[in-house]
Amino acid sequence: MENNSPKIIQWILDTRPLWPVPAKEKKQDEVAELKTVASRALALLSDSEQASVLKYYHVRDAKMSLASHLLKHLVISKYCNVPWSKAMVSRTSNGKPCYVPPAKIPSMGSHVMFDFNVSHQAGIVSLIAAVGFKNQVDTGTDVVCVNERESRDSEYIQKSGFFDWVDIHGEVFSESEISFMKLGPILPSDLGIEGEFMGYGKDRISRCQRRGGEVAVNVKRGDHEEEVNVKTSKVIDVKMRRFYAMWCLRESFVKMTGEALLAPWLKELEILDVQAPTVKEGHLTKESLEQGGVQHEFRIIFKGKPVTDVRMELSALGEAFMVGGALRARDPDERNAAVMGSWQELDLEEDILKPAESNP
């Protein structure tokens, strides 16, 4: 292993600028073009992995699949001290990707554990891994893009209301989470307003369901109180971002367990007190993935009891992305070492292709 000290690895790979393919009449032809455009990266995968990449209908999905394979091989090769060709990805009984050494690897040690997880959305691929721990540390990650389905989401919300839109996803969340997404408090600072909402202002804001209107609320600033008209479009934007923040955390937790969003216990899991992390201040381009705020003060309840062995974080990336991470350290003595930091954006050439080709 590169370094035997326990650590949490957090990687991001942005596929949006990678392997550009000219638009073609048939989407399948764009995917086929990857054989040429991404030949160097594809050559690092097995025949079956290449086939799994090239089976996609849309080239953006194929590129994320390719990046996901590369990151999994990279973390195994780098931290399990094996050549790239031996960094084979296996699956646990419930489908979570894992690495099973073909034989005992002396450099890893007989008691060193290794766990990783990947996610991808809207061109961004994330990987989280726990390496160097003596006992199992389960990992999970998820990426969301707040505006990827903006047109479709907004059309539905404008027609049927935000509450009804939340109910579409009701089977995934607990009742307390659904209630919070609909009516949870929104702070003046969330809307770019200084001061404190007074009277029925909080309730009026929390009950907003559609864009295009205004809500009159009283705001107190110091000893002064005045009426302010708040645009409901801003309120819906805040609610939408909070929804995707809660989705990202829930996915991260579920993936940490190795199960999927069809797990029978989903309604018994509650992740409470969630606020979306803030976007980094300053001018950001659509391509930017600069890390903004980080949220980690959540209450996790499972079957009515607090969960104390899981640590979760949610980070803002650029204008519209959020990435979540979840860690469960089985040994209480190792929990202090299972700490997340900043997400590292990798460079395809320097961080992946060159190391892989130099250690075939």
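Data block above holds the structure.
Everything quoted here is computed from the prediction, not taken from an experiment. (Residues numbered from 1 in each chain as written. Predicted model: local features only at pLDDT ≥ 70, side-chain atom pairs only at ≥ 80, totals over all residues. Heavy atoms only, no water.)

What about the sheet that holds strand β9 (residues 224-231)?
Read across the open sheet, the three strands follow the order β7-β8-β9; overall the sheet is antiparallel. In the strand order of this sheet, the two ends are held by β7 (196-198) and β9, each with one partner. On average, each strand axis in the sheet is inclined to that of its neighbour by 50 degrees, with strand direction left out of account. Contacting β8 (214-221) and β9, helix α9 (residues 232-257) crosses the sheet at an angle of about 80 degrees to β9. (Pairing = 2+ DSSP bridges. Helix = DSSP H or I, 4+ residues; strand = E, 2+ residues; numbered from the N terminus. Axes fitted to C-alpha atoms, helices over the stretch in contact; angles between N-to-C directions. Contact = heavy atoms within 4.5 Å.)

Topic: the packing of aromatic side chains
Inspection of every chain in the model, using the stated rule, returns 11 aromatic pairs. Linked through ring pairs, Phe162, Trp165, Phe173, Phe243, Tyr244 and Trp247 together constitute an aromatic cluster. Over the ring of Tyr56 we find Lys55, and its NZ or CZ is 5.8 Å from the ring centre. Residue placement shows Arg242 over the ring face of Phe180; its charged tip is 4.7 Å from the ring centre. (Phe/Tyr/Trp six-rings, centres within 6.5 Å; stacked < 30°, edge-to-face > 60°. Lys NZ or Arg CZ within 6 Å of the ring centre and 35° of its normal.)

Remarks on the pairing of strand β4 (residues 113-121)
Most of β4 is tucked away, with seven of its nine residues classed as buried. Across nine bridges, β4 lies against strand β5 (residues 124-133) in antiparallel orientation. Residue Gln121 lies in a different strand from β5, and its bridge partner there is Ile124. The turn joining β4 and β5, which pair antiparallel and follow one another in sequence, is formed by two residues; a positive phi near 50 degrees is taken by Ala122. (Buried < 20%, exposed > 50% of the residue type's maximum accessible area, 1.4 Å probe, protein only.)

Observations concerning the environment of Lys255
Inspection of the secondary structure assignment puts Lys255 in helix α9. As a C-alpha pair, Lys255 and Asp142 span 113 residues in sequence and 8.1 Å in three-dimensional space. Ignoring any residue separated from it by four or fewer positions in sequence, one finds Lys255 in contact with Lys96, Asn117, Val118, Ser119, Thr139, Gly140 and Thr141. A distance of 3.2 Å separates a polar atom in the side chain of Lys255 from the backbone oxygen of Thr141. (Polar contact = N/O pair within 3.5 Å; in protein donor to acceptor, adjacent residues only side chain to side chain.)

Observations concerning the side chain of Gln10
With respect to the helices, strands and loops of the structure, Gln10 is situated in strand β1 (residues 7-14). Residue Gln10 is classed as buried on the basis of its relative accessible area, which comes to 5%. In terms of polar contacts, Gln10 uses its side chain to reach the backbone amide nitrogen of Gly341, at 2.6 Å. For Gln10, the contacting residues outside a window of four places in its chain are Leu127, Ile128, Met340, Gly341, Ser342, Trp343 and Gln344.

A closer look at helix α7 (residues 175-183)
Of the residues making up α7, those classed as buried are Glu177, Ile178, Phe180, Met181 and Lys182. Taken together, the buried residues of α7 touch α6 (162-168), α8 (201-206), α9 and β10 (269-272).

Structural notes on the sheet that holds strand β14 (residues 310-317)
Ordered in space as β6-β15-β14-β11, the four strands form an open sheet in which the pairing is antiparallel. Pairing within the sheet leaves two strands with one partner each, and these edge strands are β6 (137-145) and β11 (291-295). Pairs of neighbouring strands in the sheet enclose a mean axial angle of 20 degrees, with direction left out of account. Examined bridge by bridge, β14 and strand β15 (residues 321-329) share eight bridges and lie antiparallel to one another. Among the inter-strand pairings, Arg311 is bridged to a residue of β15, identified as Leu327. Across the sheet, α9 lies against β6, β14 and β15, angled at about 150 degrees from β6, the strand it touches most.

Here's the deal with the state of the cysteines
Counted by the stated rule, this structure contains zero disulfides. Lacking any disulfide linkage, Cys80 is separated from the closest cysteine sulfur, that of Cys98, by 11 Å. (Disulfide = S-S within 2.5 Å.)

Some thoughts on the pattern of salt bridges
Summed over the entire model, instances satisfying the criterion amount to 19 salt bridges. In this structure, the salt-bridge partner of Asp203 is Arg207, at a minimum N-O distance of 3.1 Å. For Asp203, a relative accessible area of 36% corresponds to the partly exposed category. Residue class for Arg207 comes out partly exposed when judged on its relative accessible area of 48%. We note a salt bridge from Glu350 to Lys354, for which the minimum N-O separation is 2.9 Å. Taken together, the residues span about one helical turn, with Glu350 and Lys354 both in helix α10 (residues 348-358) at a distance of four residues. On the basis of relative accessible area, Glu350 is assigned to the partly exposed category, the value being 45%. With relative accessibility at 39%, the residue Lys354 sits in the partly exposed group. Where salt bridges share partners, they join Arg40, Glu349 and Glu357 into one cluster. (Salt bridge = Lys/Arg side-chain N within 4 Å of Asp/Glu carboxyl O.)

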